[in-house]
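Given next are the chains, with one letter for each unit.
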Amino acid sequence: SYFIDPTIVREGFNFKPAFYGDEKDSCVIFYTNRTGYSEIVKAPIRQLDFKDKTETKTIIQGEKNKDFEAFHLFTSGLDVSNNGQLVFSVKSSESDKVYIYDLKQEKIIKERRWEGIIAAQSPSISADGSKVVFNGITFRGQSDLFLWDVEQDLLTRLTDDIFLDDQPDISPDGDWVTFVSDRTEYG
């Protein structure tokens, strides 16, 4: 026997999905380019019949102002906490910013840029929304992991080496970070 996943989105190129569900509904949040601009949208999780159109709601429109100059569609993901806080990064002027958007209030509640970090990619938010981990690329071209304590506005460097550290994810209990690296058995 085999299983075929149902189609829930048909139009455009769609990147880096994240699931979010609460007492009202479940949805998938993702980057897309369906309007000609890159944007973050959400779509309900329901199987589309052949004639159905995809229902989406735009959360953040990119490329129309300096704050959301360019999303990193191919290189950076987004994530959602259990309480509906969406975290994403975007090119904004000379370097990246990390944003936290509250899905229930439908507004940005935090934004942050750090001196010395030119790119902040693949942010992951803890289940309670109190911490964000991301791959930060410094002016030296070094790729390391950073942990942002959102409540205390404190940034901690978790790795500091020559290896690529990418796609971090915070464990459900908030105690661990898993990530992809090109470390060898010697380092």
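The notes below deal with the structure included here. Being a predicted model, the structure only gives us computed values, none of them experimental.

**Structural notes on the overall build of the protein**
- Broken down by element type, the protein carries 0 helices and 15 strands.
- The dimensions of the protein, computed from C-alpha atoms along their principal axes, are 50 × 45 × 30 Å.
- Looking at the protein as a whole, 43% of its 187 residues are labelled buried.
- Carbon together with sulfur atoms contributes 51% to the accessible area of the protein, which is approximately 10,700 Å² in total.
- Distance from the positive charge centre (22 side chains) to the negative charge centre (33 side chains) of the protein: 7 Å.

**Some thoughts on the pattern of salt bridges**
- For the structure on display, the rule yields 8 salt bridges.
- Here Asp144 and Arg157 are joined by a salt bridge, their closest N and O atoms 2.7 Å apart. In this pair, Asp144 sits in strand β12 (residues 143-149) while Arg157 sits in strand β13 (residues 154-157), placing the two residues 13 residues apart along the sequence.
- Exposure remark for Asp144: the relative accessible area of 0% places this residue in the buried category.
- Counted as one network, the salt bridges with shared partners bring together Arg140, Asp144, Arg157 and Asp160.

**Examining unusual backbone geometry**
- At Ser93, a position not held by glycine, the phi torsion is positive, near 65 degrees.
- Examined against the element boundaries, Ser93 turns out to sit in the loop between β7 (85-92) and β8 (95-102).
- Given a relative accessible area of 31%, Ser93 falls into the partly exposed group.
- For Asp153, which is not glycine, the phi dihedral falls at a positive 50 degrees.
- Locating Asp153 in the fold gives a position in the loop between β12 and β13.

**Some remarks on the environment of Ile40**
- Here Ile40 shows up in strand β3 (residues 39-44).
- In this structure Ile40 comes out as buried when scored by relative accessible area, which is 0%.
- Sequence separation between Ile40 and Ile59 is 19 residues, and the spatial gap between their C-alpha atoms is 5.5 Å.
- Beyond its immediate chain neighbours, meaning those up to four positions away, Ile40 contacts Ile29, Phe30, Tyr31, Lys57, Thr58, Ile59, Ile60, Phe71, Leu78, Leu86 and Phe88.

Criteria and thresholds
- Residues numbered from 1 in each chain as written.
- Predicted model: local features only at pLDDT ≥ 70, side-chain atom pairs only at ≥ 80, totals over all residues.
- Heavy atoms only, no water.
- Helix = DSSP H or I, 4+ residues; strand = E, 2+ residues; numbered from the N terminus.
- Buried < 20%, exposed > 50% of the residue type's maximum accessible area, 1.4 Å probe, protein only.
- Areas by Shrake-Rupley, 256 points an atom, 1.4 Å probe, with all protein chains shown as cover.
- Lys, Arg positive; Asp, Glu negative; His and termini not counted.
- Charge placed at Lys NZ, Arg CZ, Asp CG, Glu CD.
- Salt bridge = Lys/Arg side-chain N within 4 Å of Asp/Glu carboxyl O.
- Contact = heavy atoms within 4.5 Å.

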